[in-house]
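Chain by chain, the residues run as shown.
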Amino acid sequence: MQVIQGIKELEKFRSSLVKQEQLGLVPTMGALHAGHLSLLENARQQTDQTMVSIFVNPLQFNDSKDFDKYPKQIEKDLELLEKGGCNIVFIPDAKEVYTQQPTLSFQFGYLEKIMEGYHRPGHFNGVAIVVSKLLNIIRPHKAFFGEKDLQQLRVIQYLVKDLSMPVEIVPCTTLRETDGLAMSSRNMRLNVSQRQRALLLSQSLRKAKELLGKIPHQEIELLIQKDFSAETLEYFSIVEKQSLKKCSDPFQDKEVALCVAAFIDEIRLIDNIIVSS
Ligand code: PAF
């Protein structure tokens, strides 16, 4: 496995690829877990050379404390990637990625007003800037993103489409712990009791799934809100899977996404499931 830190070295690697070779990119912020490794596995199956980028992007954190506390474990990450069969790891330096404060900013219309967009102002601009930079610098044929960050996935799909970027975005399914908790780097910050309370997110999704089609969506949302009375629920939304627009009753002929975000003390977690009628 080759570790590349500078953009010049990256360009050298990029131009050494033979024409027919497909490059697959898994962009990450490190603190890797089995969910990231499954993205890598998807990339390994679908491309010839796999690259994982590790860059904790300051621009996408709307809360500086969250950025400071974001878990970092570079040695362990490299070990996991080596075992996972990754070919190249790209770990750029923030000074090289951001040679200047970006003057450009992205707006994603409706997606800015709901769920993550509403609760984390500026977040998707930061994601879109760094993902554009990575895609432009690395020029992968395919890039792999998890459905756990469903709204981020939609933002990236629009970004690539709107700017006609020559890359295929490959969505990958969410990996869960055996008790249902969606895998996330932020789980590393949970202590034993917080870890237990965090199960409320996936439990609420399962409960809502059972109720879909039986009672109105608004009632489902109210019931779920009650379950979170001891935790800080940011949102629980029933939306159409593709547009992420509020999904009206009745629940028919649609694929809906049930999406939740909540704080377990100061740790913010998100989760979602997709349900077909
Ligand atoms: O999902 C993430 O880990 C990040 O938002 C991403 C896509 C690597 C951009 O920094």
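Residues numbered from 1 in each chain as written. Predicted model: local features only at pLDDT ≥ 70, side-chain atom pairs only at ≥ 80, totals over all residues. Heavy atoms only, no water.

1. Some details on the site of the ligand
Surrounding the ligand, one finds Pro27, Thr28, Met29, Asn57, Gln60, Val130, Phe145 and Gln152. One of the side-chain N or O atoms of Gln60 is found 2.6 Å from an oxygen atom in the ligand. Measuring from an oxygen atom of the ligand, one finds a side-chain N or O atom of Gln152 at 2.7 Å. Protein burial of the ligand: of its 290 Å² of free accessible surface, 89% is covered by the chains. For the shell around the ligand, the class distribution of residues is 4 nonpolar, 4 polar and no charged. (Near = heavy atom within 4 Å. Polar contact = N/O pair within 3.5 Å; in protein donor to acceptor, adjacent residues only side chain to side chain. Areas by Shrake-Rupley, 256 points an atom, 1.4 Å probe, with all protein chains shown as cover. Nonpolar A, V, L, I, M, F, W, Y, C, P; charged D, E, K, R; others polar.)

2. A word on helix H2 (residues 34–46)
Along its 13 residues, H2 runs 18 Å from first to last C-alpha, staying within 8% of the 18 Å computed at 1.5 Å per residue. Those residues of H2 that sit buried are Gly35, His36, Ser38, Leu39, Leu40 and Ala43. Tucked inside the fold, the buried residues of H2 contact strand E2 (23–28), strand E3 (49–54), helix H4 (74–83), strand E5 (142–146) and strand E6 (168–172). (Helix = DSSP H or I, 4+ residues; strand = E, 2+ residues; numbered from the N terminus. Expected span 1.5 Å × (residues − 1). Buried < 20%, exposed > 50% of the residue type's maximum accessible area, 1.4 Å probe, protein only. Contact = heavy atoms within 4.5 Å.)

3. Looking at the sheet that holds strand E9 (residues 267–276)
Strand order in this open sheet of 3 strands is E7-E8-E9, and the pairing throughout is antiparallel. Two strands bound the open sheet, and with one partner strand each, they are strand E7 (232–240) and E9. Direction aside, the axes of adjacent strands within the sheet are offset by 10° on average. Together, E7, strand E8 (255–264) and E9 form the strand contacts of helix H10 (residues 199–211), whose direction differs from that of E9 by roughly 25°. (Pairing = 2+ DSSP bridges. Axes fitted to C-alpha atoms, helices over the stretch in contact; angles between N-to-C directions.)

4. Concerning the nonpolar core
By size, the foremost hydrophobic cluster in this structure holds 46 residues, and its most contacted members are Met51, Phe90, Phe108, Val131, Leu135, Ile138 and Ile169. Mapped onto this core, the elements with two or more residues apiece are helix H1 (7–16), E2, strand E4 (88–90), helix H7 (123–138), E5, helix H8 (150–162), E7 and E8. Here this core gets 10 residues from one element, more than from any other, and that element is H7. Those residues in contact with Phe90 that sit more than four places away from it in its chain are Ile4, Gln5, Gly6, Ile7, Leu10, Met51, Val52, Ser53, Ile54, Leu134 and Ile138. Ranked by size, the runner-up nonpolar core spans 25 residues in total, among them Leu199, Leu201, Cys247 and Ile273. (Core = buried A, V, L, I, M, F, W, Y, C linked by side-chain atoms within 4.5 Å.)

5. A short note on the packing of aromatic side chains
Enumeration over the complete set of coordinates arrives at 4 aromatic pairs. With a centroid separation of 5.6 Å and 75° between ring planes, the pair formed by Phe61 and Tyr70 is classed as edge-to-face. A single burial state applies to Phe61 and to Tyr70, both of which are buried. With 5.9 Å between their ring centres and 15° between their planes, Phe106 and Phe108 make a pair best called stacked. The exposure class of Phe106 is buried, given its relative accessible area of 14%. A connected cluster of aromatic rings, assembled from ring pairs, spans Phe61, Phe67 and Tyr70. (Phe/Tyr/Trp six-rings, centres within 6.5 Å; stacked < 30°, edge-to-face > 60°.)

6. Some remarks on the pairing of E5
Most of E5 sits inside the fold, with 4 of its 5 residues counted as buried. Judged from the 2 bridges that link them, E2 and E5 form a sheet pairing that is parallel. For Leu25, the partnering residue across the bridge sits in E5 and is Ala143. Here E5 pairs with E6 via 5 bridges, running parallel. Within E6, the position partnered with Ala143 by the bridge is Ile169. In this view, the connection linking E5 to its parallel neighbour E6 by way of H8 has right-handed handedness. (Right-handed = clockwise from strand over helix to strand, strands pointing away.)

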